[in-house]
Amino acid sequence: MCGIFGCILKEGAASPLIHESLKKLEYRGYDSVGIVTLNNGELQLKKDQGKIDDVHRLVNLDDLEGKIGIGHTRWATHGAPLKINSHPHLDCEGKIAVVHNGIIENYSELKIELENNGHTFVSKTDTEVIPHLIEYTLFKNPQYSLADAVFEAIKRLEGSYALAVISILEPDKIICARNESPLVLGVNENGYYLASDIPAFLPITNQAIIVNDGEFVIISSKGCEIKRISDSAIMKRTPKIIDWTPEMAVKKGYPHFMIKEIIEQPSTLRNTLRIQDHYLDLISTFLDRAKDVFLVACGTSYHACLAASYMFSKLAFLPTYPVYASEFTEQHGKSVSIDSTILAVSQSGETADTLSSVTCAQQRAATILGLTNVIGSTLTRVSRVYIGQQSGPEIGVAATKTFTSELSVLAQLALRLSKKRGKISQDEMDNLSEKLEEIPNIVEQIIRTQAEKVKQIAKKYSYAKTFFFLGRGISSATAYEGSLKLMEIAYIPSIAFPAGESKHGPISLIEPGFPVLFICPKDGSHKTLISNIMEMKARGASIISIIEEEDDAIKKISDDYVEIPKGIPEILSPIPFVVPLQLLAYYMALEKGLNPDTPRNLAKCVTVK
Ligand code: AGP
């Protein structure tokens, strides 16, 4: 997730405004920044790695000349957060400049085609194919206008994009386009603006024009024309007045980052499904060859590892050890060897416990693999190979969208490994891959149809002093995650354990009205789970069930239930089934008058052991 901004002004310099506006988009990405303006037929460009303030101190982003320009603040997905990979990117002749937010899935093929036609690339990014594709289109169609060339070029792009283009070829225009990544226009008496999000221009205008997916915009000082990419139809759209405060706008109008990030999950899951095959193949090859595999993480990332241990075992027949990073050295330090592989999972890539486990394993010559959300983090530097989960910055202290993205990547790895080992049939493989592709829409449906019900459940049980979260099989990982969310955000002591363990002790805590939440996908453990529910019910517990739609058997023995669309394979069930638990923690915190974004005693990244 990156931030883009552009403007065409009647009066005044573009670069200071672009700089100021990018600062308001910094929550979308902050590992490099760049601005390019057009002045007297030439492009003036400054960019570097680092946060906006640091780069500005180094190069002064405000002294570029010209009333038209575009800028970008980056969240690296392809290519490390280095100056060479920062946006804007140029074509070979330096006449076309592009900024882009999103993921071009087919960039490798396009890059080869362009290189075979004489284009030279300087960066490792997917974005750089865009200016070269525009240049190549103009070379093949010299009669084209800049807009025609951009229009033609974007039709060849697969994936998500919000992009803006300026060029000395037509120095009075900005061309932009959108597919899945957000793009919004602003207008006032001094000009036109484009941005990834409204906060970027809200201080200068509250008149916004939303650009929809599959639309293309030509902006000039005379106005803006919106076209549908599929058939070039002109889209008539009038500005709407935004009544958000700047603070609300950063959260897209949501009251908290946590709920914004929960609701963002369909989009982040789609992005996670765009990970390059090359990385999935590489990591799964290392896992395939390992004598023993340790999945090492903390907190929510550990719960993703716990779920992954079921995925790797059931799909690829690969035994793995999910281990709390804080315990790894003590528990396995001596047994790790050159034949061991450590898959370290860390959203931040900076968690001290996880990094110290990696150091311990490295000292014993183990192979280190990484899964993280932050390209350029320490984990990416110490890993032999790493995968970026592409969830975009997560501001809320509670891990939500990064958890479901971690699960999606781990499921893709398990599927890749299973195929490599020939452990499941092609039909089964195809079915699971299809279901994984459907998950973003299923999560969207859960949020749309069940959020209100979860809010009511939070209200009903806001009295609770303790909660149980129970599940069987892979759902025990979901239970642990739901329990952690409720503890860290609503400060309610909650206990999670595999449902089969109740009778070995914890059931002694049950008394009338004690809320017990069960995670009940329709999998092999469904029947046993019903008897686990009955055990609790018989002792007066209040039963809250997360069930598959129309699971009448569990509906009728539950006091409350939340429904998940049918047909989710058990092995993928933690991704959709965790969403109601994230919402429960969020709404419970609101019921208790707490701020879900800043829970007491916690930090977003725990860099101390
Ligand atoms: C989860 O909601 C917490 N914020 C915390 O448990 C977190 O998952 C843990 O600290 C690990 O962080 P990491 O994924 O950045 O390593």
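Residues numbered from 1 in each chain as written. Predicted model: local features only at pLDDT ≥ 70, side-chain atom pairs only at ≥ 80, totals over all residues. Heavy atoms only, no water.

Colleague: Quick rundown of the site of the ligand? Include the residues and the values.
Modeller: In the vicinity of the ligand, 15 residues are found, and the nearest of them are Ser301, Ser346, Ser348, Thr351 and Glu488. Gln347 has a polar backbone atom sitting 2.8 Å from an oxygen atom of the ligand. Lys485 places a side-chain nitrogen or oxygen 2.9 Å from an oxygen atom of the ligand. Coverage of the ligand by the protein amounts to 91% of the 410 Å² it exposes when considered alone. Within the residue set of the shell around the ligand, elements represented by two or more residues are helix H10 (299–316) and helix H16 (475–490). (Near = heavy atom within 4 Å. Polar contact = N/O pair within 3.5 Å; in protein donor to acceptor, adjacent residues only side chain to side chain. Areas by Shrake-Rupley, 256 points an atom, 1.4 Å probe, with all protein chains shown as cover. Helix = DSSP H or I, 4+ residues; strand = E, 2+ residues; numbered from the N terminus.)

Colleague: Give a description of the sheet that holds strand S22 (residues 494–498) that names residues and reports values.
Modeller: Sheet architecture is open: five strands sit in the order S22-S21-S23-S24-S25, paired in parallel fashion. In this open sheet, the two strands that pair with only one neighbour each are S22 and strand S25 (560–564). Neighbour-to-neighbour, the strand axes of the sheet open up by a mean angle of 15°, direction not taken into account. Here five bridges tie strand S21 (residues 467–471) to S22, and the two strands are oriented parallel to one another. Counted as the bridge partner of Leu470 is Phe497 from S22. (Pairing = 2+ DSSP bridges. Axes fitted to C-alpha atoms, helices over the stretch in contact; angles between N-to-C directions.)

Colleague: Tell me what's going on with the pattern of salt bridges, and back it up with residues and numbers.
Modeller: Scanning the entire structure with this criterion turns up 31 salt bridges. A salt bridge links Lys555 to Glu563, with the shortest nitrogen-to-oxygen separation between them at 3.2 Å. Overall, the relative accessible area of 17% leaves Glu563 in the buried class. A single salt-bridge network, built from bridges that share partners, covers Lys23, Glu26 and Asp53. (Salt bridge = Lys/Arg side-chain N within 4 Å of Asp/Glu carboxyl O. Buried < 20%, exposed > 50% of the residue type's maximum accessible area, 1.4 Å probe, protein only.)

Colleague: Requested: an account of the pairing of S21, with residues and values cited.
Modeller: As a general feature of sheets, a regular strand has side chains that alternate between the two faces. Most of S21 is tucked away, with five of its five residues classed as buried. Judged by which residues are buried, S21 turns out to be covered on both faces: Phe467, Phe469 and Gly471 on one side and Phe468 and Leu470 on the other are all buried. Of the crossover connections in this fold, the one passing from S21 over H16 to the parallel S22 is right-handed. Looking at chain direction, S21 and strand S23 (residues 515–520) are connected through three bridges and run parallel. (Right-handed = clockwise from strand over helix to strand, strands pointing away.)

Colleague: Describe the state of the cysteines, and please don't skip the residues or the numbers.
Modeller: The full count for this structure, using the stated rule, is zero disulfides. Between Cys2, a free cysteine, and Cys176, which holds the nearest cysteine sulfur, the sulfur-to-sulfur gap is 16 Å. (Disulfide = S-S within 2.5 Å.)

Colleague: So, a nonpolar patch on the surface: which residues are in play, and what are the values?
Modeller: On the surface, a nonpolar cluster with roughly 260 Å² of combined accessible area is contributed by Leu82, Ile84 and Val122. Relative to the helices and strands, Leu82 is located in the loop between strand S4 (68–74) and strand S5 (89–90). On the accessibility criterion, Leu82 (40% relative accessible area) is partly exposed. (Patch = residues over 30% accessible without salt bridge, like charges linked within 9 Å, V, L, I, M, F, W, Y side chains within 5 Å.)

Colleague: Could you give an account of the side chain of Ser346, naming the residues involved and the relevant values?
Modeller: In this fold, Ser346 is placed in strand S18 (residues 340–346). On the basis of relative accessibility, which here comes to 4%, the residue Ser346 falls in the buried class.

Colleague: Could you give me a rundown of the pairing of strand S12 (residues 215–220), with the residues and numbers involved?
Modeller: Within S12, six of the six residues are buried, which leaves the element mostly enclosed by the surrounding structure. The side-chain alternation of S12 yields two buried faces, one formed by Glu215, Val217 and Ile219 and the other by Phe216, Ile218 and Ser220. Direction of pairing for strand S8 (residues 173–179) relative to S12: antiparallel, over a ladder of six bridges. Following the sheet pairing, Arg178 is matched in S12 by Glu215. Linking S12 to strand S13 (residues 223–228), which pair antiparallel, is a turn of two residues.

Colleague: Any chance you could break down unusual backbone geometry for me, citing the residues and the numbers?
Modeller: Note: most peptide bonds trans; most residues except glycine with negative phi. With omega at 0°, the peptide bond leading from His87 into Pro88 counts as cis. Note on placement: Pro88 falls in the loop between S4 and S5. The backbone of Ser232 shows a phi angle near 65°, a positive value even though the residue is not glycine. With respect to the helices and strands, the residue Ser232 is situated in the loop between S13 and strand S14 (234–235). Despite not being glycine, Ala365 shows a phi value in the positive range, around 65°. With respect to the helices, strands and loops of the structure, Ala365 is situated in the loop between helix H12 (352–363) and strand S19 (367–372). Overall, Ala365 belongs to the partly exposed group, its relative accessible area being 39%.

Any functional reading would require information beyond the geometric quantities listed.
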